[in-house]
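Read off the chains here:
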Amino acid sequence: AQTMIEHYSNAILEFVRTHPLGEPIFCMAIAYDDSNCDMLPPLIGIGLESERIAYFEEYPDNAGKTWGLWQPSDFAHFSLDLPQTQVTSHLFQQLNDIDCTSEDEDHQWGDFTIYVLRALSSRLMTLDLASVAQLTSDFVVYTVSIDEADADQLEHYFRQAIPVGILNQLESKGYLWFKL
């Protein structure tokens with residue numbers, strides 16, 4: 001799994017470097033479809049600052065009720081087609097096979113894949129993405145199901161994985177749907 005995280009985080013970094021968007025990015029979503037057990041490769045969504053501004057222009061009373069802001073399927077840049085190496089393609093298939101065949105009372109299909117995708121998000125937060133793209137000061141990378149019913153799960157992940165200083169910035173601007 002660590003090899004896949006390294007390879008794919010480098011592929012994402014290279015993709016962002018070679019596809020300039022011309023404006024600040026406020027988030028990157030590593031999204032998965034948990035409606036079936038072949039959850040890899042993940043879908044990548046990039047949220048632009050202009051989209052965040054447009055969200056609040058369209059929904060001016062939504063401060064503090066912003067789950068919709070974080071839905072990657074609403075981003076202009078979603079489901080990006082990232083190149084896969086032979087290594088990542090093989091590892092994705094192995095992880096899908098593990099999760100599709102190992103279900104018991106302690107492990108539901110998808111658990112391991114979600115764990116790996118969260119580790120990928122955490123790894124991306126440690127990389128110098130600002131060297132290859134314009135980022136907002138409150139930029140975050142997060143893992144999310146494309147199922148909109150997962151607000152509680154996303155809140156749990158935000159609390160675990162995003163530095164408190166960034167969460168405080170997001171909350172003070174009304175960008176979170178939960179209270180710290």
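Throughout this document, residue positions are counted from 1 along each chain, in the order its sequence is written. The predicted origin of the model limits local features to residues at a pLDDT of at least 70 and limits the giving and counting of side-chain atom pairs to 80 or more, whereas totals for whole chains, interfaces and linings rest on all residues. Note that water and hydrogens are dropped before the side-chain values are worked out from all heavy atoms of the structure.

Peer 1: Looking at this structure, how should I read the packing of aromatic side chains?
Peer 2: The description of two aromatic rings rests on the distance between their centres and on the angle between their planes. Working definition: a ring pair exists when centres of Phe, Tyr or Trp rings (six-membered ring for Trp) sit within 6.5 Å. Plane angles under 30 degrees give stacked, over 60 give edge-to-face, the rest tilted. For the structure on display, the rule yields eleven aromatic pairs. With a centroid separation of 5.2 Å and 80° between ring planes, the pair formed by W70 and F158 is classed as edge-to-face. With a gap of 88 residues between them, W70 in the loop between α2 (49–58) and β3 (77–78) and F158 in helix α5 (residues 151–161) connect regions that are remote in the sequence. These aromatic residues form a ring-pair network of at least three members: F26, W70, F75, Y142, F158, W177 and F178. Helix and strand definitions follow DSSP, with helices as H or I runs of at least four residues and strands as E runs of at least two, each counted in order from the N terminus.

Peer 1: I keep staring at the packing of helix α4 (residues 111–126) against α5 and nothing clicks. Help me out?
Peer 2: Put simply, α4 and α5 touch, their axes get as near as 12 Å, and they point 45° apart. Judged on the interaxial angle alone, α5 and α4 are oblique. Seen from above, α4 lies across α5 with right-handed handedness. Between α4 and α5, the residues in contact are R118, S121 and S122 and Q153, Y157 and A161, respectively. Lines fitted to C-alpha atoms define the axes here, with helix axes fitted over just the stretch in contact, and angles between the N-to-C directions of these axes take values from 0 to 180 degrees. The labels follow the angle: roughly parallel below 35 degrees, roughly antiparallel above 145, roughly perpendicular from 65 to 115, and oblique for the rest. Definitions for this section: a left-handed crossing has its near helix turned counterclockwise from the far helix by less than a right angle. A right-handed crossing has that turn clockwise. The criterion used for residue contact is that any of the two residues' heavy atoms lie within 4.5 Å.

Peer 1: What should I look at first to understand the layout of surface pockets in this one?
Peer 2: In this approach, a probe sized like a water molecule rolls over the atoms, and the result shows the empty space that is left. Cavities and pockets are found on a 1 Å grid laid over the protein atoms alone: a cavity is a set of points where a 1.4 Å probe fits but cannot escape, a pocket is an open set with protein on both sides within 12 Å along at least five of seven lines, and a lining residue has an atom within 4 Å of such a point. Grid points are joined across faces, edges and corners, and a volume is the space filled by probe spheres set on the points. When its volume is computed, the largest pocket comes out at roughly 170 Å³. Lining the largest pocket, in full, are E51, A54, Y55, E58, Y59, G68, L69, D74 and F75. Under the grouping applied here, Gly and all other residues not named as nonpolar or charged are polar, the nonpolar ones being Ala, Val, Leu, Ile, Met, Phe, Trp, Tyr, Cys and Pro and the charged ones Asp, Glu, Lys and Arg. Looking at the lining of the largest pocket, its residues break down into five nonpolar, one polar and three charged.

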